[in-house]
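The lines below spell out each chain.
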Amino acid sequence: MEKYHSPQVDAFVRLNTNESPFPVPAQWIDDVHRAVDSVAWNRYPDRSARALRESLARRHGVSTENVFVANGSNEVLQTLLLTYAGAGRTVATFEPTYQLHSHIARISGARVVHGNRKPDFSLDVHEIRRVLKEHTPHVTFLCSPNNPTGQVEPRGNVDAAIASAPGLVVVDEAYAEFSNFSMIDVLRDEGTLDAGSVVVTRTFSKTWSLAALRLGYAIAPAEVVAHMNEVVLPYHLDALKLAIGEAALGYVDEMNARVAGIVSERERLVESFRRLNVEFWDSGANFILFRPLPDAPGTWQKLVDRSVLVRDCSSWNGLDGCLRVTIGSRTENSSFVEALTDIVGIRPSK
Ligand SMILES: *Cc1c(COP(=O)(O)O)cnc(C)c1O
C-alpha cells in the first residue's frame, strides 16, 4: 500500500498545502491561555462535545444532534468509513479528487471504485449515474469545491448523486467558505437533512487558519451522527481542543475578512494566469490548478530553485503536467507570479 505523502522542502514561499497565510486573531490566543488555566486536567473531557457541537449547530442553523466533531475532517472521514464502509462494502469517488477519500476507504477494508471527470475536470451527470448503478456503492464521495481541481460541484450533480446513490453521499466541503455554494444551506433550507442520507464535512484547517489545531466536523442526519458515535473512540477530543475550538467560533467576522482577502487575491492571481503561458482552471477554493504550456517539464523544481513551493500533481491520475498553487499573502502571490513568469513566459498572442 502506498502511503499518503505531501512532500515538504525548504522554501520561503510555501504554497503547497492550502493552509491560510494569515495568523489567528491575537485575542483568540488570550482565549487559549485562559482555557489552559480552566481545564480540569484530572478529569476526562465532555465525551459528547456538547458545547462545541451546540456552537456549530447554531452557526449552521441545524440541531446539535446533526453535528459530529473530530480531530480534523480526516478523522471525520475515517469514522464515517469505519461506520459505513469496511470489508465487503464499496466506496465510489470521481477522479481526480482528494486522495484521502479512497485512501482511507481502502484502509477501512472497502473496495474503491472510480468514476472519471471529463478532460476539463467537470463531472458528467451520466457518469455519476453510471457508476452508482453499476457498483451500488455504500458510500459515494463528492468534493465541492473539488481538491485539487478547484471546481464547485454544480447543484444538479449533487442532486443526481443523491437521487441515484443507494447509500450515503458524502460532500467534502473543506473549502466551501471560499465559494458561494454549500449543501448545508440547501439541506437546512429545504428541511431535508434528517430525511436524507447526505453528510457534509467541514474543517477548521483552511478558512479558520487552524491547520495546527486538528479540528473538523460533519453535518449529518441525527441517525448517522449516532452511529458514528458508536464507532469513534471514547474521549477522542481533548478538553483543551473542545474549549479553544468553541472560542474560535467567536471570531466569525475575522474569519470572513480573511476569506474575502484570499478570494480577492485569487482573482488577482487569475488575472496573472490569463497573461502567462499556462492553462488553468476556475477555482472556488483557496488554490488554483494550472498546467505550464506548451510543455514546461521541471517547472516545479524551477519554482523550488526560486524558493517557491507549490504542489506537484503531475503524477496523479488525469493531472499530467499539472501543479496546484495555494493562494498566499499578497507578497507571496507576487513572488510566485514573478518566479512563474520567469519560467514559462508570457502567453503568445494568437
Ligand atoms: C485540506 C482538506 C481536508 C482537511 O483535512 P483536515 O483533516 O481537517 O485538516 C479535508 N478535505 C479536503 C478535500 C481537503 O483538501
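Residues numbered from 1 in each chain as written. Predicted model: local features only at pLDDT ≥ 70, side-chain atom pairs only at ≥ 80, totals over all residues. Heavy atoms only, no water.

Q: Just checking my understanding: could you explain helix H3 (residues 72–84) for this structure?
A: Each α-helix winds once per 3.6 residues, and so residues spaced three or four apart point in a common direction. Along its 13 residues, H3 runs 19 Å from first to last C-alpha, staying within 8% of the 18 Å computed at 1.5 Å per residue. Of all 13 residues in H3, 10 are buried; the element is thus mostly enclosed. Every buried residue of H3 is listed here: Gly72, Ser73, Glu75, Val76, Leu77, Thr79, Leu80, Leu81, Thr83 and Tyr84. With its phi angle positive at about 90°, Gly86 sits one or two positions after the end of H3. (Helix = DSSP H or I, 4+ residues; strand = E, 2+ residues; numbered from the N terminus. Expected span 1.5 Å × (residues − 1). Buried < 20%, exposed > 50% of the residue type's maximum accessible area, 1.4 Å probe, protein only.)

Q: Is there a simple way to think about empty space enclosed by the protein in this case?
A: A probe matching the size of a water molecule, rolled over the atoms, marks out where space remains unfilled. Taken as a whole and assessed by the stated rule, the structure comprises one cavity of 30 Å³ or more. Its boundaries defined by the atoms lining it, the largest cavity holds a volume of some 50 Å³. What lines the largest cavity is simply Val24, Pro25, Trp28, Trp208, Leu210, Ala248, Tyr251 and Arg258. Its residues assigned to classes, the lining of the largest cavity shows seven nonpolar, no polar and one charged. (1 Å grid on protein atoms, 1.4 Å probe; cavity = no way out; pocket = protein on both sides within 12 Å on 5 of 7 lines; lining within 4 Å. Points joined across faces, edges and corners; volume = space filled by probe spheres on them. Nonpolar A, V, L, I, M, F, W, Y, C, P; charged D, E, K, R; others polar.)

Q: What is the right way to look at the pattern of salt bridges in this model?
A: Any two side chains of opposite charge can pair, so long as their charged atoms come close to each other. Tallied over the full model, the rule gives 18 salt bridges. The partner of Arg268 in a salt bridge is Glu265, and the shortest N-O contact between them spans 3.0 Å. In this pair, Arg268 and Glu265 both sit in helix H10 (residues 252–275), three residues apart, roughly one turn of the helix. Within this structure, Arg50, Glu54 and Glu65 form a network of salt bridges that share partners. (Salt bridge = Lys/Arg side-chain N within 4 Å of Asp/Glu carboxyl O.)

Q: Even after reading the chapter, I still don't get the environment of Met228, so can you show me in this structure?
A: Along the chain, Met228 falls in helix H8 (residues 222–231). For Met228, a relative accessible area of 0% gives the class buried. Between the alpha carbons of Met228 and Ala160 there is a distance of 25 Å; along the sequence they are 68 residues apart. What Met228 contacts, discounting residues up to four positions off in sequence, is Phe68, Val76, Thr79, Leu80 and Thr83. (Contact = heavy atoms within 4.5 Å.)

Q: What am I meant to see in the site of the ligand here?
A: Near the ligand lie 13 residues; those nearest to it are Ser73, Tyr175, Thr203, Ser205 and Lys206. Contacts to the ligand include Asp172, whose side-chain N or O atom sits 2.8 Å from a nitrogen atom. Burial of the ligand by the protein amounts to 93% of the accessible area it has alone, namely 390 Å². Here the ligand is seated within the second largest pocket. Considering every element that reaches the shell around the ligand, the biggest residue donor is H3, with three residues. (Near = heavy atom within 4 Å. Polar contact = N/O pair within 3.5 Å; in protein donor to acceptor, adjacent residues only side chain to side chain. Areas by Shrake-Rupley, 256 points an atom, 1.4 Å probe, with all protein chains shown as cover. Sits in = over half its atoms within 2 Å of the grid points.)

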